[in-house]
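Single-letter residue listing:
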There are 2 protein chains.
Amino acid sequence: MTDTSAPRRARPRLSQARSALVHSTAVLDHTGQTRNLEIPAERALTLYLDKREIVTLMTLGAQPEWLALGYLCNQGLLSHASAVQSITVDWEVQAAAVTTHSPQAIPVSLAPRIVTSGCGQGSALDTLDTLLRQVRLPEAVLEQSTLATIVASVRQHDSLYKRCGSVHGCALFAGAQMQLYIEDVGRHNALDSIAGWMALHASTGAPAGGPWVLYTTGRLTSEMVTKAALMGVAIVVSRSGMTQMGLELARSLGLCAIGRATGTRFLCFSGAQRLVWQGLSAEH
Amino acid sequence: MTDTSAPRRARPRLSQARSALVHSTAVLDHTGQTRNLEIPAERALTLYLDKREIVTLMTLGAQPEWLALGYLCNQGLLSHASAVQSITVDWEVQAAAVTTHSPQAIPVSLAPRIVTSGCGQGSALDTLDTLLRQVRLPEAVLEQSTLATIVASVRQHDSLYKRCGSVHGCALFAGAQMQLYIEDVGRHNALDSIAGWMALHASTGAPAGGPWVLYTTGRLTSEMVTKAALMGVAIVVSRSGMTQMGLELARSLGLCAIGRATGTRFLCFSGAQRLVWQGLSAEH
């Protein structure tokens, strides 16, 4: 049996590329004095799918293999991690090479030729619209006390944000249990990295500890809602607000969107039927 | 003399498309009570350059004509506003039609086929790198007291952010004088709208009131620094921080990058030679 006839469901081989997440620099403060400061690293990562260049992402670089996989999944270029043979990230050449078992099965004609940076990444809306129409979100509900635990867990998490700011964070919970917390200079990268982790690690169906819940420090825009839905997550929580298109999309999908979540306070923008109100009093 | 032989330097004809900037919605708070909330509008705007589809931007829609022009300038698809005959925005069909005097002069082959959303928009880095190598920033310097006035002006400005959050703001100053303040669901849209205004209104060379200074509520990423440089602005101010690539680019360009600006406090990340320190004491 050769490598090429390996079982389709085998887990992809992943490199373990690591790089410094903070960059030290000297700045001048308002009194003209020099201060040493840590700022988040930011580097270009060019994704190749079966040797075809897809996109260049500007990323912190914490989990580049998950990012590469999740990006391809969330853009509709991969449907399952099992299609992938290997993901090899090499920071020397700032490249992530994703190799599939069956290159011809990849709809490369859909590849969006985009190059992105900063806090957003853009997406090929037509492709995503088609995918979204096929989404059926699970029957997840969330108790108010679990939501409060989630918000408290994020607040207590030891984050790069607390150390040097200028990053967004996303966390995935199974009920009240934090599964992973990813930070990046782009909030879409953080979310895509979680999508990559889910594609690799999550069994189909609901997790044991409770429903999947996505937490993000960023606003709930249409892209964030789209990606959550594509990841099969029916409940999203943000400490920030929501835009109009994000709201309209969440309502059309029946996705539970919680914004302005701090302490035990929050606003439920959409999908209130998924929340179990327990009459908890607000912190003051 | 026909329309088509009109002088090249004539100002483009612009539509005055307007639309609601806020959207009212009912949400549930943590006690289960209904609250009426205003959230920022968000709508798709597809840009056509001489009937060629370029990009779809998700925008608040405050100044769509400036946004269309500034986007094309900042992507290197237009070099001067004088090349443009008209910009017509029609919200009914969510389109901005930009018509030039000489379509053949537009390097449409450079057009990035990107579709974007949320807070970022991406850009064609190769094209921008080429443009950046031609940038020579003006000899602008800024007094510390002027910086404090700028920060205070932004704080006092009556913004949509104060009303409903979830938007980024960008302001352009000539010295201490605010020329315009633009908000958008994407901070890149806000910056591009300012670029469009500058292309239409700004004469070449330094303004009368002092150097051009760009203020942004968002982080100073590589894209923000790139666009400021392309707009000929040598001094950028943010109330947020800076990423590593933004810092490296600012230093290579000799651009003065001020972050964490609140009250009279700030950090100068780059281009300290452009700042005139005046020993102002910090607010406590």
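In what follows, the accompanying structure is described. Throughout, residues of each chain are indexed from 1 in the direction in which the sequence is written. Each chain gets a letter, beginning with A, and each ligand a number, beginning with 1, in the order they are written. Whole-chain, interface and lining totals are the exception, using all residues; otherwise, since this is a predicted model, local features are given only for residues with pLDDT of at least 70 and side-chain atom pairs are given and counted only at 80 or more. With hydrogens and water stripped out, all remaining heavy atoms of the structure feed into the side-chain values.

## Considerations on the overall build of chain A
Within chain A, the secondary structure is distributed over seven helices and 16 strands. Burial classes follow relative accessibility: with a 1.4 Å probe on protein chains only, a residue under 20% of its type's maximum area counts as buried, one over 50% as exposed, and anything between as partly exposed. Of all 284 residues assigned to chain A, the portion counted as buried reaches 61%. Intrachain contacts of chain A at a sequence separation of at least 6 include 57% that bridge at least 24 residues. Residue-level accessible areas treat just the shown protein chains as cover; the underlying method is Shrake-Rupley with a 1.4 Å probe. Of the roughly 11500 Å² that chain A leaves accessible, carbon and sulfur atoms contribute 49%. Numbering goes from the N terminus for both helices and strands, where a helix is a DSSP run of H or I of at least four residues and a strand is a run of E of at least two. The criterion used for residue contact is that any of the two residues' heavy atoms lie within 4.5 Å.

## Quick word on the interface of chain A and chain B
Between chain A and chain B, the residue contacts involve 61 residues of the former and 61 residues of the latter. The buried area of a pairing is the accessible area, by a 1.4 Å probe, that goes missing from both parts when the two are put together, added over both. Of the roughly 4500 Å² buried where chain A meets chain B, counting both sides, 57% is carbon and sulfur surface. Looking at the side of chain A facing chain B, the largest losses of area belong to His30, Glu42 and Gln244 of chain A, adding up to 16% of the total buried there. Polar contact is the term for a pair of N or O atoms within 3.5 Å; when the atoms are in protein, one must be able to donate a hydrogen and the other to accept it, and sequence-neighboring residues count only if both atoms are side-chain atoms. Here chain A and chain B share 26 residue pairs in polar contact (both at pLDDT 80 or more) between them. Of all the secondary-structure elements, those providing two or more residues to the side of chain A that touches chain B are β2 (22-29), β3 (34-40), β4 (43-49), β8 (114-115), α6 (222-230), α7 (244-253) and β15 (265-270) of chain A. The classification used treats Ala, Val, Leu, Ile, Met, Phe, Trp, Tyr, Cys and Pro as nonpolar, Asp, Glu, Lys and Arg as charged, and all other residues, Gly among them, as polar. Taken together, the residues of the side of chain A that touches chain B break down into 26 nonpolar, 23 polar and 12 charged. Bridging between β15 of chain A and strand β2 (residues 22-29) of chain B involves two bridges; their strand directions are antiparallel. Its bridge partner lying in β2 of chain B, Cys268 of chain A is registered against Leu28 of chain B. Here the rule is simple: two strands pair whenever DSSP picks up at least two bridges between them.

## Comments concerning the relation of the copies chain A and chain B
Turning chain A through 180° and shifting it by 0.0 Å along the axis lays it on chain B, with an RMSD of 0.0 Å. Accordingly, the operation relating the two chain copies is best matched by a two-fold axis. Least squares is used to superpose the copies, and the fit set is the C-alpha atoms of residues whose pLDDT is at least 70 in both copies.

## Observations concerning unusual backbone geometry
Even without glycine at this site, Arg260 of chain A takes up a positive phi of about 50°. Mapped onto the secondary structure, Arg260 of chain A falls in strand β14 (residues 256-262). Assessed through its relative accessible area of 33%, Arg260 of chain A is described here as partly exposed. Although it is not a glycine, Asp50 of chain B sits at a positive phi angle of roughly 50°.

## A few points about the packing of aromatic side chains
In this analysis, rings of Phe, Tyr and Trp, with Trp reduced to its six-membered ring, are considered paired at centre separations within 6.5 Å, and the interplanar angle assigns stacked below 30 degrees, edge-to-face beyond 60, and tilted for intermediate values. Here the structure, examined in full by the defined rule, presents three aromatic pairs over all chains. Plain terms: the ring middles of Trp197 of chain A and Trp212 of chain A are 6.5 Å apart, the flat faces sit at 90° to each other, and that makes the pair edge-to-face. Of this pair, Trp197 of chain A sits in helix α5 (residues 187-201) while Trp212 of chain A sits in strand β12 (residues 212-216), and the two are 15 residues apart along the sequence. With 6.2 Å between their ring centres and 40° between their planes, Phe266 of chain A and Trp277 of chain A make a pair best called tilted. With Phe266 of chain A in strand β15 and Trp277 of chain A in the segment after β16 (275-276), this pair connects stretches of sequence that are 11 residues apart. When its relative accessible area of 26% is taken as the criterion, Trp277 of chain A is described as partly exposed. Working rule: Lys NZ or Arg CZ, within 6 Å of ring centre, within 35 degrees of ring normal, means a charge sits over the ring. It is Arg43 of chain B that lies over the ring of Trp91 of chain B; its NZ or CZ is 5.2 Å from the centre.

## Digging into the sheet that holds β15 of chain A
If you walk across this open sheet you meet the eight strands as β11(A)-β10(A)-β12(A)-β13(A)-β14(A)-β15(A)-β2(B)-β3(B), and the pairing is mixed. Edge positions in the sheet fall to β11 (177-184) of chain A together with β3 (34-40) of chain B, since each of these pairs with one other strand and no more. The sheet shows a mean angle of 30° between the axes of neighbouring strands, taken without regard to direction. As paired elements, strand β13 (residues 235-238) of chain A and β14 of chain A share three bridges and run parallel to each other. Looking at β14 of chain A, one finds that Val236 of chain A is bridged to Ala257 of chain A. Lines are fitted to the C-alpha atoms to define the axes, a helix being fitted only along its stretch in contact, and any angle between axes, read from their N-to-C directions, falls within 0 to 180 degrees.

## Some points on α7 of chain A
Buried within α7 of chain A we find Gln244, Gly246, Leu247, Leu249, Ala250 and Leu253 of chain A. A positive phi of about 70° marks Gly254 of chain A, the residue just after α7 of chain A.

## Notes on the packing of helix α1 (residues 64-74) of chain A against α5 of chain A
Residues and elements named next belong to chain A. Between α1 and α5, whose axes approach to 6 Å, the crossing angle comes to 90°. Here α5 runs roughly perpendicular to α1, going by the angle between their axes. In contact with Trp66, Leu67, Leu69, Gly70, Tyr71, Cys73 and Asn74 of α1, α5 contributes Asn189, Leu191, Asp192, Ser193, Ala195, Gly196, Trp197, Ala199, Leu200 and His201. Among the residues making up the contact of α1 with α5, the classes are represented as 10 nonpolar, six polar and one charged. In this scheme, roughly parallel covers angles under 35 degrees and roughly antiparallel covers those over 145, while 65 to 115 is roughly perpendicular and the rest are oblique.

## Observations concerning the environment of Tyr161 of chain B
Residues and elements named next belong to chain B. Tracing the chain through its elements places Tyr161 in helix α4 (residues 160-164). Between the alpha carbons of Tyr161 and Ile39 there is a distance of 9.6 Å; along the sequence they are 122 residues apart. Not counting the four nearest positions on each side in its chain, Tyr161 is found in contact with Ser166, Val167, Glu183 and Arg239.

## Some words on the pairing of strand β7 (residues 95-100) of chain B
All names here are of chain B. Bridging between strand β4 (residues 43-49) and β7 involves four bridges; their strand directions are parallel. Its bridge partner lying in β7, Leu49 is registered against Val98. Strand direction decides the pairing type here: strand β6 (residues 84-90) and β7, joined by six bridges, are antiparallel. Paired with Asp90 across the bridge in β7 is Ala95. Once β6 ends, the chain turns through four residues before running back antiparallel as β7, passing Gln94 with a positive phi of about 55°.

## Some thoughts on the sheet that holds strand β10 (residues 168-174) of chain B
Taken together, eight strands build an open sheet; the order of strands is β3(A)-β2(A)-β15(B)-β14(B)-β13(B)-β12(B)-β10(B)-β11(B) and the sheet is mixed. Each edge of the sheet is formed by a strand with only one pairing partner; in this case those strands are β3 of chain A together with β11 (177-184) of chain B. Neighbour to neighbour, the strand axes of the sheet diverge by 30° on average, direction disregarded. Bridging between β2 of chain A and β3 of chain A involves seven bridges; their strand directions are antiparallel. Looking at β3 of chain A, one finds that Thr25 of chain A is bridged to Leu37 of chain A. The sheet strands contacting helix α5 (residues 187-201) of chain B are β10, β11 and β12 (212-216) of chain B, and the helix crosses β10 of chain B at an angle near 30°. Each of β2 and β3 of chain A together with β14 (256-262) and β15 (265-270) of chain B is contacted by helix α7 (residues 244-253) of chain B, which is oriented at about 50° to β2 of chain A, the strand it contacts most.

## Quick look at the pattern of salt bridges
All names here are of chain B. A carboxyl oxygen of Asp or Glu within 4 Å of a side-chain nitrogen of Lys or Arg is what we treat as a salt bridge. Within the structure shown, the criterion is met by five salt bridges over all chains. Here Glu65 ties to Arg18 by a salt bridge, and the two come within 3.6 Å at their closest N and O atoms. Residue Glu65 is located in helix α1 (residues 64-74), and its partner Arg18 is located in the loop between β1 (13-14) and β2; the two are separated by 47 residues in the primary sequence. Here Glu65 falls in the buried class, since its relative accessible area comes to 2%. Residue Arg18 is classed as partly exposed on the basis of its relative accessible area, which comes to 45%.

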